[in-house]
Amino acid sequence: METTRLEIEQQVDLGPYNSFGIAATAAHFARITGAADLRAALDYSKQHHLPVLVLGGGTNLLFSKGFSGLILLMDWPGIDWLNDTGLVKVACGENWHEFVIQCLKKGFHGLENLALIPGTVGAAPIQNIGAYGVELEQFLVQLNALDTRTGQWHCFENSACEFGYRDSMFKQPRGRHFIITDITLQLSTEWRPNVGYRALRDALDTDNPTPQQVFDMICLIRRSKLPDPTIEGNAGSFFKNPLVSLQKFQALQAEHPDVPSFDTDDNELVKIPAAWLLEQAGWKGRQRGSAAVSEAHALVLVNPGQASGEDILLLAQEMSSSILQRFGIALELEVQVI
Ligand SMILES: Cc1cc2nc3c(=O)[nH]c(=O)nc-3n(C[C@H](O)[C@H](O)[C@H](O)COP(=O)(O)OP(=O)(O)OC[C@H]3O[C@@H](n4cnc5c(N)ncnc54)[C@H](O)[C@@H]3O)c2cc1C
C-alpha cells in the first residue's frame, strides 16, 4: 500500500499558484503527489470541517478573496503508455503542454493543436479544453475521479462527462465534488493534420504539414496573440464566446456586416467571438483602477501588478454589462471565480 508524508501548511500565499498573480491566502494547503496523500488530505478536511478546493496550475481561476478551507495542489505525476496504438493514461498533476510534447515524441497524434495551453492534465476535462478546432473530448476514453462526499472512486466514460463548449459535468454544481486523478486518451499513430481552423491554415505554407510543423505553428500563433502570464498576470480568455440565435445574428450582421462567426452543430445557433464584441465596445487596452484589459487581446483581463481579485471582477462586470447594453448579448465567464 502507498504511504504518505503529507504535510499541511497553514496561511500560504497563493500568489505563485495562480496565473493572475493575485495575492490571496489559503488557510490550509497540501501538495498531493498520489492516492495516499489525497486520502490523508480528505481525512484532515473532514476532521477539521474544511471545504476543499482542488488546484492545478491556477490558470483558469480568479481568487476574489482568500480561501478559508484546504487547498489541494495536484502534483501527482505519471504517464502510462498503454499500448503502441495510441492509448495513454496520464495522471492529473502532469503539465498539459509537457504531455503534448511527450505525445509528439512518441508519435501519438491528435493533441498538436492543443499545444501551449497552460495548466495540468487533471483540469483539462473540467472545461473540455479546446483550441484551433480541436477539443479534449475527441480523445478522452475515460477518467478516474474520487468523490469527496463518499470517498469512492468512479470511472467515467466519455459520454458520462457531458462535455460541451468549455464545459463538462465537472464544471457544474452536480459534478464539483469529484477530484479527477487520471485520464485515458485514445490518440492516433496515423497522422491526419487538423487544419480546418482558418488562422492556422493561412499561417502554414503547406497543405500537408508534419505534426512538428503544426505544433510549432500553434506555439508561434499563441505566443504572438496572447500575453504571457509570467510577464503579465492573466487567465487566458475571461469570457466564453456567446452562442446566439440565427435571428439575433442576422440582426447584428445587418448593422455590422463584418461581424465574424463560427458555425456550431446546431443550425439555429451561431457562435460570435466575444473578443470582437469587446473590441467594438472599445475595451481593448483599457484600464480600471489596478485592473486592465490586455493591449493585445480584448478577451484577456490582466493584472498589471497590484490588482486584487475584486478589481479584476469589477472590471469584468463592467465589460459584460456594456456588451449586454450595446448588443443585448449576455457574456458568460470562462474563468472560475473563487
Ligand atoms: C495564457 C492562457 C491561455 C489559455 N488558453 C486556453 C485555450 O486555448 N483553451 C482552453 O480551453 N483554455 C485555455 N486557458 C485556460 C486554462 O489553461 C485551462 O482551462 C486549463 O485546463 C486549466 O488548468 P489548471 O491546471 O491551471 O486549472 P486550475 O486553474 O488550477 O483549475 C481550474 C478549475 O478546475 C478545477 N480542477 C483543477 N484540477 C482538478 C482536478 N484534478 N480535479 C477536479 N477539479 C480540478 C479547479 O478547482 C478549478 O475549478 C488558457 C489560460 C491561459 C492563462
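All values reported here derive from a predicted model rather than from experimental measurement.

Details of the packing of aromatic side chains
Right, on to step 1. Overall, the coordinates contain 11 aromatic pairs when judged by the stated rule.
Right, on to step 2. Seen from their ring centres, Trp81 and Phe108 are 5.4 Å apart, and the 85 degrees between their planes marks the pair as edge-to-face. Of this pair, Trp81 sits in strand β6 (residues 79–81) while Phe108 sits in the loop between α2 (96–106) and β8 (130–131), and the two are 27 residues apart along the sequence.
Right, on to step 3. When its relative accessible area of 26% is taken as the criterion, Trp81 is described as partly exposed.
Right, on to step 4. Look at Phe156 and Phe170: their rings are 5.2 Å apart centre to centre, the planes differ by 85 degrees, and that puts the pair in the edge-to-face class. Remark: Phe170 occurs in the loop between β11 (153–157) and β12 (178–186) and Phe156 occurs in strand β11; sequence separation between them is 14 residues. You'll find Phe156 and Phe170 in the same group, each marked buried.
Right, on to step 5. An aromatic cluster of three or more residues is present, and its members are Phe20, Phe238 and Phe239.
Right, on to step 6. Cation over ring: Arg286 sits above Trp283, and NZ or CZ is 4.1 Å from the ring centre.

Overview of the site of the ligand
Right, on to step 1. Taken together, 32 residues lie around the ligand, and Val54, Gly56, Gly57, Thr59 and Thr120 are the ones closest in.
Right, on to step 2. Asn60 has a polar backbone atom sitting 2.8 Å from an oxygen atom of the ligand.
Right, on to step 3. In this structure, Gln127 approaches the ligand through a side-chain N or O atom, which is 2.9 Å from an oxygen atom.
Right, on to step 4. In isolation the ligand has 980 Å² of accessible area, and contact with the protein removes 93% of it.

A short note on the pairing of strand β10 (residues 140–147)
Right, on to step 1. Here β10 lies mainly inside the structure; 6 of its 8 residues are buried.
Right, on to step 2. Alignment of β10 against β12, held across 7 bridges, turns out to be antiparallel. Each residue of the ladder has a partner; that of Asp147, found in β12, is Phe178.
Right, on to step 3. Examined bridge by bridge, β10 and β11 share 5 bridges and lie antiparallel to one another. Note on β11: the bridge partner recorded for Gln142 is Glu157.
Right, on to step 4. Hairpin connection from β10 to β11: 5 residues lie between these consecutive antiparallel strands, with Gly151 at a positive phi of about 75 degrees.

Some details on the domain arrangement of the protein chain
Right, on to step 1. We note that the domain assignment places domain 1 (8–74), domain 2 (79–186) and domain 3 (233–337) within the protein chain.
Right, on to step 2. In this structure, domain 1 and domain 2 have C-alpha centres spaced 21 Å apart.
Right, on to step 3. Taken together, the contact pairs 12 residues of domain 1 with 13 residues of domain 2.
Right, on to step 4. Regarding the contact of domain 1 and domain 2, the summed buried area is about 960 Å², with carbon and sulfur atoms giving 68% of it.
Right, on to step 5. Linking domain 1 with domain 2 are 2 residue pairs in polar contact (both at pLDDT 80 or more), by the criterion used here.
Right, on to step 6. Contributions of two or more residues to the side of domain 1 that touches domain 2 are made by α1 (35–47) and β5 (67–74).
Right, on to step 7. The element contributing the most residues to the side of domain 1 that touches domain 2 is α1, with 5 residues.

Quick notes on the nonpolar core
Right, on to step 1. The biggest cluster of nonpolar side chains holds 43 residues, and the ones touching the most others in it are Trp96, Leu111 and Leu185.
Right, on to step 2. Put simply, the parts of the chain that give this core at least two residues each are β7 (87–91), α2, β10, β12 and α4 (211–225).
Right, on to step 3. With 6 residues, α4 is the single largest residue contributor to this core.
Right, on to step 4. Discounting chain neighbours no more than four positions away, the residues touching Trp96 are Leu111, Leu114, Ile117, Gly119, Thr120, Val121, Ala124, Ile129 and Leu136.
Right, on to step 5. Of all hydrophobic cores here, the second largest spans 35 residues; its members include Val244, Val293, Ile312 and Val335.

What to know about the pattern of salt bridges
Right, on to step 1. By the definition in use, this model includes 10 salt bridges.
Right, on to step 2. The partner of Glu135 in a salt bridge is Arg166, and the shortest N-O contact between them spans 3.7 Å. One end of the pair, Glu135, is in strand β9 (residues 134–135); the other, Arg166, is in the loop between β11 and β12, with 31 residues separating them in the sequence.
Right, on to step 3. Salt-bridge contacts for Glu279 lead to Lys284; the nearest nitrogen and oxygen are separated by 3.9 Å.
Right, on to step 4. Overall, Glu279 belongs to the partly exposed group, its relative accessible area being 42%.
Right, on to step 5. Overall, the relative accessible area of 35% leaves Lys284 in the partly exposed class.
Right, on to step 6. What emerges from the salt-bridge pattern is a single network uniting Glu135, Arg166 and Glu334.

The rules behind the values
Within every chain, residues take consecutive numbers counted from 1 along the sequence as written. Note on the predicted model: pLDDT of at least 70 is required for a residue's local features to be given, and 80 or more for side-chain atom pairs to be given and counted; whole-chain, interface and lining totals, by contrast, use all residues. Just so you know, side-chain values use all the structure's heavy atoms and leave hydrogens and water out. Whether two aromatic rings pair depends on their centres lying within 6.5 Å, for rings of Phe, Tyr and Trp, where Trp uses its six-membered ring; planes under 30 degrees apart make the pair stacked, over 60 edge-to-face, and the rest tilted. Labels follow the DSSP assignment, with helices taken as runs of H or I lasting at least four residues and strands as runs of E lasting at least two, numbered in each case from the N terminus. Only protein chains enter the accessibility calculation, which uses a 1.4 Å probe; a residue is then buried when its area is under 20% of its type maximum, exposed when over 50%, and partly exposed in between. For a Lys NZ or an Arg CZ to count as sitting over a ring, it must be within 6 Å of the ring centre and within 35 degrees of the ring normal. Definition of nearness: a residue and a molecule or strand are near each other if at least one heavy atom of the residue lies within 4 Å of the molecule or strand. Distance and chemistry together define a polar contact, namely a pair of N or O atoms within 3.5 Å, with one atom able to donate a hydrogen and the other to accept it when in protein, and with adjacent residues in sequence counting only for side-chain atoms on both sides. All accessible areas in this document rest on Shrake-Rupley with a 1.4 Å probe, and a residue is counted as covered only by the protein chains that are shown. Here, strands pair whenever DSSP counts at least two bridges between them. Domain start and stop positions are those given by an automatic or database domain assignment. The criterion used for residue contact is that any of the two residues' heavy atoms lie within 4.5 Å. The term buried area refers to how much accessible surface (probe radius 1.4 Å) is lost by two components on association, counted for both of them together. Grouping buried Ala, Val, Leu, Ile, Met, Phe, Trp, Tyr and Cys residues that are joined through side-chain atoms within 4.5 Å yields what is termed a nonpolar core. We count a salt bridge whenever a side-chain nitrogen from Lys or Arg sits within 4 Å of a carboxyl oxygen from Asp or Glu.

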